[in-house]
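# A look at the structure
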Amino acid sequence: MTERATAHKHVMLVAGETSGDALGAVLMDAMTEISDRPLEFSGVGGPEMEARGLASIFPMHEIAVMGPREIIPRLPLIFRRIWQTVRHAVEQRPDIVVVIDSPEFTHMVAKRIARRAPDIPIVDYVLPSVWAWRLGRARAMKKYIRRVLALLPFEPKFLGTVGVDCVYVGHPAIQRIPEEGSGARFRAARGIGADDPVLLVLPGSRLNEVKHLVGIFGDTVRRLSREIDRLRVVVPVVPHVRPLVEASVEGWGVPVEIVDDEREKRAAFDAGTAALAASGTVSLELALARVPMVVAYRAEAIVGWFALNVLKVPSVVLVNLILDRPSVREYLQGRCTADELAEGLRPLMHDSEERRRVLGDLDELRLRMGVDGEVPGRRAARAVLELL
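Note on numbering: residues in each chain are counted from 1, in written sequence order. Whole-chain, interface and lining totals are the exception, using all residues; otherwise, since this is a predicted model, local features are given only for residues with pLDDT of at least 70 and side-chain atom pairs are given and counted only at 80 or more. Side-chain measures here rest on the full set of heavy atoms in the structure, leaving out hydrogens and waters.

Among the surface-exposed residues, Lys111, Arg115, Arg116 and Arg137 lie close enough to one another that they form a single positively charged patch. The topology assignment puts arginine 115 in helix α6 (residues 103-116). Only residues whose relative accessible area exceeds 30% and that take part in no salt bridge are eligible for patches, with like-charged residues grouped when within 9 Å of each other and nonpolar side chains (Val, Leu, Ile, Met, Phe, Trp, Tyr) grouped when within 5 Å. Residue exposure ignores everything except the shown protein chains as possible cover, and the areas themselves are Shrake-Rupley values with a 1.4 Å probe. For this analysis, a salt bridge means a side-chain nitrogen from Lys or Arg found within 4 Å of a carboxyl oxygen belonging to Asp or Glu. When charges are counted, neither His nor the chain ends are considered; positive counts come from Lys and Arg and negative counts from Asp and Glu. Note on charges: their place is set at NZ of Lys, CZ of Arg, CG of Asp or CD of Glu. Each helix corresponds to a stretch of at least 4 residues labelled H or I by DSSP, and each strand to a stretch of at least 2 residues labelled E; elements are numbered beginning at the N terminus.

Shown next, in the form of structure tokens:
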């Protein structure tokens, strides 16, 4: 064995989009901190991972595409990048490969590495949503994935049924819990009274979903404003949908604060009485911040049919899946109306038996997700280093 091999461990990381780049950067930091020997990194990553010393084989943005309209014209380039990544692994022989999210790209890479270099262990960080589809896809992972690092606490049990090694490391949302006292400061800075009811409205992060939901959410706000004194509304958004939201809220008839800074959004969560949110990861962030909510979604007919009839899950809300019961009310497709949303929100906007029940459920969720334990990045790093 060479001096290089005994002194260092070579970790190859493969990320395909911005969220994976962020996870990979945190993982690199934690592995470097807790490893008992020097580590060298290679692979595919974005600016966050490159800032930690990874020289990306090619620019990550070339494969960070979504939807058929973006993917199909770039298929020749994407396949070239898949083979380029596989060749790197076969030639460099890293001690371990970690593929991060973006399964359409990373799992194609992992399968080909496993065939050509079966001695290299491959770790999958972020389980594809196989639990929402079928067990067959999960079984197939066993052929090329040595270990899965799970973000959600029910995933190890699911993969255990098909013999896949899976370790729960925690969701990155755990590290985005609002700072204590930030809500009070948020209210004071905006002239919102300590007892004024604050409704958080989150119509989504993609333009299409915002277009489908923002009008319905506005109608819901108008209904509630006629019943709830001193109602204030805060709309946390991502910057690229802000103009669309700003144009819509002018007719809501109540004071509306729009925030797009990440720190301000977390403070708004701490200030919120309840939330009306589009289905997605934000529901988990709200739950970890102890914000009672209702979740809504409306999409094109074919997408809605798919979600309601093909996915093999009893709920689209992660909170409900983790708790294994319908804690958060969800209003999808035909049920996504202003009347129904207002009905679901009313008991959450004041001290009520329903609100107390939900807050108890959210406390249970925080326990199940290990909020007060080791941070997810360090758990993930330990799970990878165990295989080294």
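Turning next to the sheet that holds strand β3 (residues 96-100). The criterion for strand pairing is that DSSP finds at least two bridges linking the strands in question. If you trace the 6 strands from one edge of the open sheet to the other, you get β2-β1-β3-β4-β5-β6, paired in parallel fashion. The open sheet has two edge strands with one neighbour each: β2 (39-44) and β6 (166-168). Across the sheet, the mean angle separating the axes of adjacent strands is 20 degrees when strand polarity is ignored. Bridge count for β3 against strand β4 (residues 122-125) is 4 bridges, and the pairing is parallel. Each bridged residue has a counterpart across the sheet, and for valine 98 the counterpart in β4 is valine 123. Axes here refer to lines fitted to C-alpha atoms; in helices the fit is confined to the stretch in contact. Angles between the N-to-C directions go from 0 to 180 degrees.

For the rest of this paragraph, the subject is the nonpolar core. Definition used in this section: a nonpolar core is a set of buried Ala, Val, Leu, Ile, Met, Phe, Trp, Tyr and Cys residues joined via side-chain atoms within 4.5 Å. Residue exposure (1.4 Å probe, protein chains only): buried if accessible area is under 20% of the type maximum, exposed if over 50%, otherwise partly exposed. The biggest cluster of nonpolar side chains holds 129 residues, and the ones touching the most others in it are Tyr125, Leu200 and Leu286. Looking at this core element by element, the count peaks at 7 residues for helix α10 (residues 207-225). In this description, contact between two residues means that some pair of their heavy atoms is separated by no more than 4.5 Å. When residues no more than four places from it in sequence are discounted, the contact partners of leucine 286 are Leu200, Leu202, Phe269, Ala275, Ala277, Val291 and Met293.

So, about the sheet that holds strand β9 (residues 256-259). The sheet built from 6 strands is open, its strands ordered β9-β8-β7-β10-β11-β12 with parallel pairing. Strands at the two margins of the open sheet, each flanked by one partner only, are β9 and β12 (329-332). Each neighbouring strand pair of the sheet contributes to a mean axis angle of 20 degrees, computed without reference to strand direction. In this structure, strand β7 (residues 198-202) lies alongside strand β10 (residues 274-278), joined through 4 bridges in parallel fashion. In the sheet register, leucine 200 faces β10, and the bridge partner there is alanine 275. Where helix α12 (residues 262-271) meets the sheet, its contacts fall on β7, β8 (232-236) and β9, and the angle it forms with β7 comes to roughly 135 degrees.

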